[in-house]
Amino acid sequence: MSEFDRVIKGGTIATASDTFSADIGIKDGRVAALGENLSGDDVIDATGKLVLPGGIDAHVHIDQPKKGGIAMADDFRSGTRSAAAGGTTTIMPFACQYRGESLRQVVEDYHKKADGKAVVDYAFHLIIADANEQVMGQELPALIEDGYTSFKIYMTYPDLKLNDRECLEIFSLARRTGAMTMVHAENADCIEWMTEQLLMAGKTGPKYHAVSRPPVVEKEATHRAISLAEFLDVPILIVHVSSAEAMEQIAIARQKGLRIYGETCPQYLFLTADDLELDDEFEGAKYICSPPPRDKANQEKIWQGLANSTFDVLASDHAPYSFDGPDGKKVVGEDAPFNKIPNGVPGIETRLPLLFSGGVSEGRISLQKFVALTATNPAKLYGLHPRKGTIAIGSDADIAIWDPEKKVTITNENLHHNVDYTPYEGIECTGWPVTVLSRGDVVVQDCEVVASEGRGQFLRCDKPDPARPGMGTL
Ligand code: DUC
Ligand code: ZN
Ligand code: ZN
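Overview of the structure. Just so you know, the residues in each chain are numbered from 1, in the order the chain's sequence is written. All chains are assigned letters beginning at A, and all ligands numbers beginning at 1, according to the order in which they are written. Thresholds applied to this predicted model are a pLDDT of at least 70 for local features of residues and 80 or more for the giving and counting of side-chain atom pairs; totals over whole chains, interfaces and linings are not thresholded and use all residues. Calculation of side-chain values draws on the structure's entire complement of heavy atoms; hydrogens and water are dropped beforehand.

A word on the site of ligand 1
Step number 1: All residues in the neighbourhood of ligand 1 are listed as His61, Lys152, Tyr154, Tyr157, His184, His240, Cys289, Ser290, Asp317, Ala319, Asn343 and Gly344.
Step number 2: Polar contact is the term for a pair of N or O atoms within 3.5 Å; when the atoms are in protein, one must be able to donate a hydrogen and the other to accept it, and sequence-neighboring residues count only if both atoms are side-chain atoms. For ligand 1, a nitrogen atom lies 3.3 Å from a polar atom in the side chain of tyrosine 157.
Step number 3: The separation between an oxygen atom of ligand 1 and a polar main-chain atom of serine 290 is 2.8 Å.
Step number 4: Classes in brief: Ala, Val, Leu, Ile, Met, Phe, Trp, Tyr, Cys and Pro nonpolar; Asp, Glu, Lys and Arg charged; the others, Gly included, polar. Here the shell around ligand 1 is composed, by residue class, of four nonpolar, six polar and two charged. One heavy atom within 4 Å of a molecule or strand makes the whole residue count as near it.

Structure below.
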């Protein structure tokens, strides 16, 4: 019997702060030693490879039906298998409340969906659509104490949106309890008005989705959310930022010393509004997400925001609606107007390879920045650090071993999600995770998912403490 259950030998380890050569000794699912010449019962040779913390995808939608019933293609089995194959070892999906529903019941329902299916670990964010007395006075404070310490609110979408007064109530509760609020920032009235104008003019194709919610609509709501947070002196995180204008609002707030955090997603780095306008008109529906992809100039600014730390998190916003079939993008037919097409793109598996390739391999961001954006920062912001998000003694042995030279052309056929397309078809990536460990178990071997269904565990989150030293700058 060796001292360790498993040893990863000869690799180059990178964390959010350092790169160094060491072996990793794993015992009982945790990192037990970093050293030289370690020996173990099982040895993984990582010579010539990068050994990184497993990714944390802090914004995914899994098995989250739309109000009225449109199902998502991924359940917790396919969603987490796909995550693992892409180097992600923790996901943070949403337990989504609609108006009139008990938040506690919603959380129980989502546990039933994940139980016995997930192959990697998961924590839940909440979506609060009904900030009534029962929710605000009892359910939400109790859930925060139980380890559900972050929630998303929407400033748009008829079934979900909160008005400014309700946003304030949520921010105030977050301030009292130390929870983190994630904000979907788009101006609902502008979108509704412009949508009506476009439909009345017969402009109904997928490309008009982007026309109905231009950058100024995102900028206005981002500015308003930040102002409300400033008013109450509470940290918030703006999710899925797509445009330079919205990003600028975050940068200005941070220069003023406000604790405003920002997330962006691969769709704003690799897709543009032109993708919504393909020859076969309805093909564009594959790229409909909100906020919509912008133009090349905005893409470049978003890359800069990753490099200069305006953004703290890169998440996928995986929203797996199939293209064909009764559920998904064609739910109301191929000539459906843009406002009836489900919003969202799949991306749980491609998130890390796209950022690694476009960012690290192409020299736009450092390896440290890659680890920070995809693992360490989300772990800190959502109360999972240091158990997750780093490679350190005592941390869970959630590790992705990357071949930084491996060239892979993304094709839907080779992905593990249950969606019938990927918006990133044909993009060639340099760098891919080849072996992935979750709590010391090999869940991906030579790019093949070998994890057993149901081994993923639910994670209770600590209260994030953005006032803690180091959090201000992450
Ligand atoms: N926008 C969201 O707000 N959520 C899911 C997907 C999307 O496009
Ligand atoms: Zn959103
Ligand atoms: Zn989302």
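Structural notes on the coordination of the zinc ion (ligand 3)
Step number 1: Each metal's donors are the N, O and S atoms found within 2.8 Å of it, except that Na, K and Ca use a 3.2 Å limit; water is left out, so coordination can look incomplete. Taken together, the protein ligands of the zinc ion (ligand 3) are His59 (NE2), His61 (NE2) and Asp317 (OD), with distances of 2.0 to 2.1 Å.
Step number 2: In this structure the zinc ion (ligand 2) is found 3.7 Å away from the zinc ion (ligand 3). Of the two residues, histidine 61 is situated in the loop between strand 8 (55-60) and helix 1 (76-85) and aspartate 317 in the loop between strand 16 (313-314) and helix 11 (351-361); the sequence distance between them amounts to 256 residues. This pair shows no difference in class: histidine 61 is buried, exactly as aspartate 317 is. A run of H or I in DSSP counts as a helix once it spans at least four residues, and a run of E counts as a strand once it spans at least two, with each numbered from the N terminus. For every residue, the accessible area obtained with a 1.4 Å probe (protein chains only) is divided by the maximum for its type, and the residue is called buried under 20%, exposed over 50%, and partly exposed between those limits.

Examining the side chain of asparagine 187
Step number 1: Considering the arrangement of structural elements, one finds asparagine 187 in the loop between strand 13 (180-184) and helix 5 (188-200).
Step number 2: Relative accessible area serves as the criterion here: at 11%, asparagine 187 is assigned to the buried category.
Step number 3: Within the structure, the side chain of asparagine 187 is placed 2.8 Å from the side chain of glutamate 220, a separation counted as a polar contact.
Step number 4: By the convention used here, residues are in contact when the closest approach between their heavy atoms is within 4.5 Å. Not counting residues up to four positions away in its chain, the partners in contact with asparagine 187 are Val217, Glu220, Ala221 and Arg224.

Remarks on the coordination of the zinc ion (ligand 2)
Step number 1: Within the protein, the zinc ion (ligand 2) binds to Lys152 (NZ), His184 (ND1) and His240 (NE2); these donor distances fall in the range 2.1 to 2.2 Å.
Step number 2: For a four-donor site, all angles between 85 and 135 degrees give tetrahedral; for four or six donors, opposite pairs above 155 degrees with the remaining angles between 65 and 115 give square planar or octahedral; all remaining cases count as irregular. What the four donor atoms of the zinc ion (ligand 2) show is an angle range of 85 to 134° at the metal, which sorts the shape as irregular.
Step number 3: Each donor residue of the zinc ion (ligand 2) belongs to the same chain, with the gaps between them written as K-x31-H-x55-H.
Step number 4: Its relative accessible area of 1% is what places histidine 184 among the buried residues.
Step number 5: By relative accessible area, histidine 240 is classed as buried at 1%.

Some thoughts on the nonpolar core
Step number 1: Grouped together as the largest cluster of nonpolar side chains are 101 residues, with contacts concentrated most on Leu126, Leu140, Phe151 and Ile238.
Step number 2: In this structure, leucine 140 is in contact with Leu103, Leu126, Ile128, Val135, Phe151 and Leu173, ignoring residues within four places of it in sequence.
Step number 3: In these notes, a set of buried Ala, Val, Leu, Ile, Met, Phe, Trp, Tyr and Cys residues joined through side-chain atoms within 4.5 Å is what counts as a nonpolar core. By size, the runner-up hydrophobic cluster in this structure holds 24 residues, among which are Ile288, Cys289, Leu415 and Cys429.

Quick word on the sheet that holds strand 4 (residues 23-27)
Step number 1: One requirement defines pairing of two strands: DSSP has to find at least two bridges between them. Strand order in the open sheet formed by four strands is 5-4-1-6, and the pairing between neighbours is mixed. Each of the sheet's edge strands pairs with one partner strand only, and the pair in question is strand 5 (30-35) and strand 6 (40-45). Pairwise comparison of adjacent strand axes, ignoring direction, gives a mean angle of 25° for this sheet.
Step number 2: As paired elements, strand 1 (residues 4-9) and strand 4 share three bridges and run antiparallel to each other. Residue arginine 6 lies in a different strand from strand 4, and its bridge partner there is isoleucine 26. A fitted line through C-alpha atoms serves as each axis, taken over the contacting stretch for helices, and the angle formed by two N-to-C directions is quoted from 0 to 180°.

Considerations on the side chain of glutamine 64
Step number 1: With respect to the helices and strands, the residue glutamine 64 is situated in the loop between strand 8 and helix 1.
Step number 2: For glutamine 64, the residues in contact, after removing those within four places along its chain, are Met72, Phe94, Cys96, Tyr110 and Ile127.

A few points about the packing of aromatic side chains
Step number 1: The rule is short: rings of Phe, Tyr and Trp, with Trp giving its six-membered ring, pair when the centres are within 6.5 Å, and they are stacked under 30 degrees, edge-to-face over 60, tilted in between. Throughout the structure, instances matching the rule amount to 14 aromatic pairs.
Step number 2: Judged by centre distance (6.2 Å) and plane angle (70°), the rings of phenylalanine 76 and phenylalanine 124 are edge-to-face. Separated by 48 residues along the polypeptide, phenylalanine 76 in helix 1 and phenylalanine 124 in the loop between strand 10 (121-122) and strand 11 (125-127) bring together distant segments of the chain.
Step number 3: Each ring, one from phenylalanine 370 and one from tryptophan 402, has its centre 5.6 Å from the other, and the planes form 85°; the classification is edge-to-face. Pair noted here: phenylalanine 370 is in helix 12 (residues 367-381) and tryptophan 402 is in strand 17 (residues 399-409), with a separation of 32 residues, a long-range link.

Let's talk about the packing of helix 4 (residues 164-177) against helix 7 (residues 215-232)
Step number 1: In the contact formed by helix 4 and helix 7, the axes pass within 10 Å of each other and the chain directions differ by 45°. With respect to helix 7, the axis of helix 4 lies oblique. Helix 7 is crossed by helix 4, and the crossing has right-handed handedness. Residues Asp164, Cys167, Leu168, Phe171, Ser172 and Arg175 of helix 4 form the contact with helix 7, whose participating residues are Arg224, Ala225, Leu228, Ala229, Phe231 and Leu232. By the definition adopted for this analysis, an angle is roughly parallel if under 35 degrees, roughly antiparallel if over 145, roughly perpendicular if from 65 to 115, and oblique otherwise. Helix crossings get a hand from a simple test, with the near helix turned counterclockwise from the far one by less than a right angle marking a left-handed crossing and a clockwise turn marking a right-handed one.

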